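Listed here are the chains, written in short residue letters.
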There are 2 protein chains.
Amino acid sequence: MGPKNALYAQSGGVTAVINASAGGLITACRRHSHEIGTVFGASNGILGALHEELVDTATLSDEQVASLRYLPGGAFGSCRFKLPPLEQDRRPYERLIEVFRAHDIGYFFYNGGGDSCDTALKVSRIGGEMGVPVQCIAIPKTVDNDLAVTDNCPGFGSVAKYVGTSLMEAAIDVRSMAETSTKLFIMEVMGRHAGWIVAAAGLAQRQPGDPPHIILFPERVFDEDALVARVNETVAAYGFCTIAVSEGIRDASGRFLADSGRTDAFGHTQLGGVGPTLANLLSARTGLKNHWAVLDYLQRSARHLASAVDVDQAWAVGEATARLALAGHNAVMPTIERVSDDPYEWRIGHADLAGVANVEKTVPDAFITADGFGITEAGHRYLAPLINGEDPPPFVDGLPDYQLPQLAPVTKVLDAYDV
Amino acid sequence: MGPKNALYAQSGGVTAVINASAGGLITACRRHSHEIGTVFGASNGILGALHEELVDTATLSDEQVASLRYLPGGAFGSCRFKLPPLEQDRRPYERLIEVFRAHDIGYFFYNGGGDSCDTALKVSRIGGEMGVPVQCIAIPKTVDNDLAVTDNCPGFGSVAKYVGTSLMEAAIDVRSMAETSTKLFIMEVMGRHAGWIVAAAGLAQRQPGDPPHIILFPERVFDEDALVARVNETVAAYGFCTIAVSEGIRDASGRFLADSGRTDAFGHTQLGGVGPTLANLLSARTGLKNHWAVLDYLQRSARHLASAVDVDQAWAVGEATARLALAGHNAVMPTIERVSDDPYEWRIGHADLAGVANVEKTVPDAFITADGFGITEAGHRYLAPLINGEDPPPFVDGLPDYQLPQLAPVTKVLDAYDV
């Protein structure tokens, strides 16, 4: 009997480095082909697994696998599809096990965030109950850095570097024209519940008074009057003001600012986006000329400016996943353990999925200044190493040379499944 | 009698490489200190010149001058301030000449766009009339690439590279999740009247069908029905659709789609938010889940991703400005002349300001596909070389190491001036 095969799937919002984890995993599995057979990929995440839409990574050359290090997005496709609670509907879990049995899959590697850890945990349990043992290992991935247990999460460091750089660059621009032009610049970033990304904008501040002058965290209740006062003080002191704002800030009633149903200064219905919402609000309250940017997907796909630390860690958790599988682990996730801040040292550990699944790690109070508008020294110390180093992709004709792998579909053997 | 001094001023919206032109100019002037004395900088552009707020670049070391190559924004400060028409008010022009006389300035180097060419032309004329001969040389700069006579304009190539890269990266992201998530992605870029920047998004397309699927040019009347049809066709064919849109698109009545109702100091309508406007419109008409990004200042300050060709050309026009001055030229601008497309070769020429001032160069019909939604092979051939090569700034601790020069103010000798 040959070795069991593996199924790798990507889950949820993609990152600039999720494919590096795939690259690390596949590379490590190839070194142990006597213990881990074919590494299949699920097309478009867990939906592909349910529909038995698998691809065979064996068709990729070693060079193609290595080049996954440089490719943003999800090379295998990802999806936003949450399995129903197990108690409510066992059917999709049992379907997964059927697919695993049909393709002799003994390893399920699920690259995602908190939801994915939960799914991997349940699949492992159901497999056991059905007599189809599957080692389920979650591979951490999220731009939001909100996974518990691991010190940080692959995907975050590159967003952090992009956000810090973008804020720094835009602020230099605004500063140089503030006398007659824009005095207030607002940059909206992701992070609906956890403010790690917006906190990273604070890394652009190297001296007191440097931009960003104001950071608005989802961990703090939005206080309009306090913000207006701080904006006015900042412009009085420096001639301009820069704000980094999380998409997820909420008022005292718990309402997202971007969903507040406001109309703008001209009576138009607010279009959505906390950046323009805040710009309109501050324009009305301060009269300052403003500009705003909304980074949206650019921040999580900007592989051209990835953090080398982040890429290395993403690759490493992929490799470690194979090691954990070979060592017989089940229902675990490789983690990143911080050994020291400066010089930054880290190593790979692992954690039981039960402690990771569905636990959201927000920015601790110790990392946010007392006024709620900045990051503390402790916050800076935590964040700074994660953006270190550059690891640009190859460029061709002035643009990144991103290679989308062409993957051969695996012949289906099961009946169709209705999700 | 020593050599005449020079005054350098930055004008209008800054770019990622305008300081490279300053660096090239100052470096070249230092090599000819017998002919060109002190190079003063005007603080915050022409307003600094009017207010006699000058700085002395002699306090910068050669290394600091060289590092201007890497600094985005305007190192000396810039402004949006348009001098009144000469026929209407000679006073500011005469004031400039007084400032020039007071500081023994015989060279005025004005780094800006079409408006600045016009100002430089007039200053040259008034100086002559007042018996204070000043050699006025405009140094081309604009992200919009809309200057006449020069084949392209420093500042544009870097925006083009940033926009092309950003579109490519975001599209890879969207593509990998389109089955269950966002199917329509809209990226708003600058370019109020000229669509060069949005055209550059087209460089991301290497194969037919590649993103961007749709480009919306300010040179074409916005046709909602045609757009909706194309979006639906694109999603049917590829599963997702990406749109690059210029902030300046207008409907058949000439109204900007994103008209915010405000105007800037030049009387230009201030635009904001065509991205969300279009997203709302297409959401209502197609029902597709969408995301949008607004690049705003990030696109023109992203020195971390500058085009090496652009940086080289920006430096070169600065150097050439000194050469033109030494050769006795007046009321001219150095230009970039294209020698060949592939391999790309260029050289520096020069043009009379009369032919450049207030002439806006838009994207020619030959560069826009017949359906109005893409760039032609000719457009690609023109644009492609301008984004070539990478020239990243030095990084420290994971972020660009941008050095803002500390410049010593020059003692004022004239009475205050009321603008």
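Residues numbered from 1 in each chain as written. Chains lettered and ligands numbered in written order. Predicted model: local features only at pLDDT ≥ 70, side-chain atom pairs only at ≥ 80, totals over all residues. Heavy atoms only, no water.

Trainee: What should I look at first to understand the interface of chain B and chain A in this one?
Mentor: One frequent convention defines the size of an interface as the accessible area lost when the parts assemble. Contacts between the two partners involve 74 residues from chain B and, on the opposite side, 72 residues from chain A. Regarding the contact of chain B and chain A, the summed buried area is about 5900 Å², with carbon and sulfur atoms giving 58% of it. On the chain B side of the contact with chain A, E169(B), Y297(B) and L399(B) bury the most area, a combined 12% of that side's loss. At the boundary of chain B and chain A, one finds 2 salt bridges. (Contact = heavy atoms within 4.5 Å. Buried area = accessible area lost by both parts, 1.4 Å probe. Salt bridge = Lys/Arg side-chain N within 4 Å of Asp/Glu carboxyl O.)

Trainee: Mind showing me how you'd approach the side chain of K141(B) here?
Mentor: Residue and element names in this part refer to chain B. One can find K141 in the loop between β5 (135-140) and α6 (156-177). Among buried Asp, Glu, Lys and Arg side chains, K141 stands out as unpaired, with D144 the closest opposite charge at 7.8 Å. Those residues within four positions of K141 in sequence are excluded, and the remaining contacts are S11, G12, G13, T15, I18, N111, G112, G113, L147, C153 and P154. (Helix = DSSP H or I, 4+ residues; strand = E, 2+ residues; numbered from the N terminus. Buried < 20%, exposed > 50% of the residue type's maximum accessible area, 1.4 Å probe, protein only. Lys, Arg positive; Asp, Glu negative; His and termini not counted.)

Trainee: Can you walk me through the relation of the copies chain B and chain A in this structure?
Mentor: When chain B is fitted to chain A, the residual RMSD is 0.1 Å, and the transformation amounts to a turn of 180° plus an axial shift of 0.0 Å. Both chain copies can therefore be described as sitting about a two-fold axis. It is V294(B) whose C-alpha, among those of chain B, lies nearest the rotation axis, at 2.5 Å. (Least-squares fit on C-alpha atoms with pLDDT ≥ 70 in both.)

Trainee: Explanation requested: empty space enclosed by the protein in the structure shown.
Mentor: Leftover empty space is mapped by rolling, across the atoms, a probe with the size of a water molecule. Taken as a whole and assessed by the stated rule, the structure comprises 2 cavities of 30 Å³ or more. Its boundaries defined by the atoms lining it, the largest cavity holds a volume of some 50 Å³. Taken together, 10 residues make up the lining of the largest cavity; nearest its centre are S11(B), F81(B), K82(B), Y110(B) and T119(B). Among the residues forming the lining of the largest cavity, the class breakdown is 5 nonpolar, 3 polar and 2 charged. Counted as a void, the second largest cavity has a volume near 40 Å³. Taken together, K82(A), L83(A), P84(A), Y93(A), D115(A), D118(A), T119(A) and K122(A) make up the full set of residues lining the second largest cavity. A per-element tally of the lining of the second largest cavity places helix α5 (residues 114-129) of chain A first, with 4 residues. In the lining of the second largest cavity, the residues fall into 3 nonpolar, 1 polar and 4 charged. (1 Å grid on protein atoms, 1.4 Å probe; cavity = no way out; pocket = protein on both sides within 12 Å on 5 of 7 lines; lining within 4 Å. Points joined across faces, edges and corners; volume = space filled by probe spheres on them. Nonpolar A, V, L, I, M, F, W, Y, C, P; charged D, E, K, R; others polar.)

Trainee: Sorry if this is basic, but what is going on with the nonpolar core here?
Mentor: One recurring pattern in soluble globular proteins: nonpolar side chains tend to sit buried together. In terms of nonpolar packing, the biggest core is built from 154 residues, with Y8(A), F109(A), Y8(B) and F109(B) touching the most fellow members. Setting aside chain neighbours within four positions, we find F109(B) in contact with A6(B), L7(B), Y8(B), A9(B), L25(B), C29(B), I137(B), I139(B), T321(B) and A325(B). If you look at the next biggest cluster of nonpolar residues, it comprises 48 residues, including L216(B), V235(B), V274(B) and L288(B). (Core = buried A, V, L, I, M, F, W, Y, C linked by side-chain atoms within 4.5 Å.)

Trainee: Please clarify how helix α1 (residues 18-31) of chain A should be interpreted in this entry.
Mentor: Each turn of an α-helix holds 3.6 residues, which means side chains three or four residues apart point in the same direction. Residue and element names in this part refer to chain A. Over its 14 residues, α1 runs 21 Å from end to end, which matches the ideal 20 Å to within 8%, given 1.5 Å per residue. Listing the buried residues of α1 in full gives I18, N19, A20, S21, A22, G23, G24, L25, I26, A28 and C29. Along its buried surface, α1 packs onto β1 (4-10), β2 (36-42), α3 (62-67), β4 (105-112), β5 (135-140) and α11 (308-326). (Expected span 1.5 Å × (residues − 1).)

Trainee: So what exactly am I meant to see when it comes to the packing of aromatic side chains here?
Mentor: Each aromatic ring pair is described using two quantities: the centre-to-centre distance and the angle formed by the ring planes. As enumerated under the stated definition, the model contains 17 aromatic pairs over all chains in all. Where F100(A) meets F108(A), the ring centres are 5.3 Å apart and the plane angle is 45°; that geometry is what we call tilted. According to the relative accessible area criterion, F100(A) is buried, its value standing at 0%. Using a relative accessible area of 0% as the deciding quantity, one classes F108(A) as buried. Through successive ring pairs, a cluster of aromatic residues spans F100(A), F108(A) and Y110(A). When the ring centre of F256(A) is taken as reference, the NZ or CZ atom of R192(A) above it lies at 4.6 Å. Positioned over the ring face of F256(B) is R250(B), at 4.5 Å from the centre of the ring. (Phe/Tyr/Trp six-rings, centres within 6.5 Å; stacked < 30°, edge-to-face > 60°. Lys NZ or Arg CZ within 6 Å of the ring centre and 35° of its normal.)

Trainee: What is the right way to look at the side chain of E219(B) in this model?
Mentor: Residues and elements named next belong to chain B. If you trace the backbone, E219 turns up in the loop between β7 (214-216) and α8 (224-238). The buried charged residue E219 lacks any salt bridge partner; its closest oppositely charged side chain belongs to R220, at an N-O distance of 6.4 Å. Engagement of the side chain of E219 in a polar contact is seen with the backbone nitrogen of G195, the distance being 2.7 Å. Reaching out from E219, the side chain makes a polar contact with the backbone nitrogen of V363 at a distance of 2.9 Å. Not counting residues up to four positions away in its chain, the partners in contact with E219 are H193, A194, G195, T362, V363 and I368. (Polar contact = N/O pair within 3.5 Å; in protein donor to acceptor, adjacent residues only side chain to side chain.)

Trainee: Got a minute to help me understand the confidence of the model for chain A in this structure?
Mentor: As a general rule, the predicted coordinates of low-pLDDT regions are not to be interpreted in detail. Overall, the prediction assigns chain A a mean pLDDT of 94, with 97% of residues at 70 or greater. The ipTM value of the predicted complex is 0.96, and its pTM value is 0.96. (pLDDT = per-residue confidence, 0-100.)

Trainee: It is not clear to me how the environment of A178(A) should be interpreted in this structure. Could you clarify?
Mentor: Residues and elements named next belong to chain A. Note that A178 resides in the loop between α6 (156-177) and β6 (184-189). Given the relative accessible area of 6%, A178 is considered buried. For the pair A178 and K289, spaced 111 residues apart in sequence, the C-alpha separation works out to 9.3 Å. If sequence neighbours within four positions are ignored, A178 has contacts with K183, G239 and F240.

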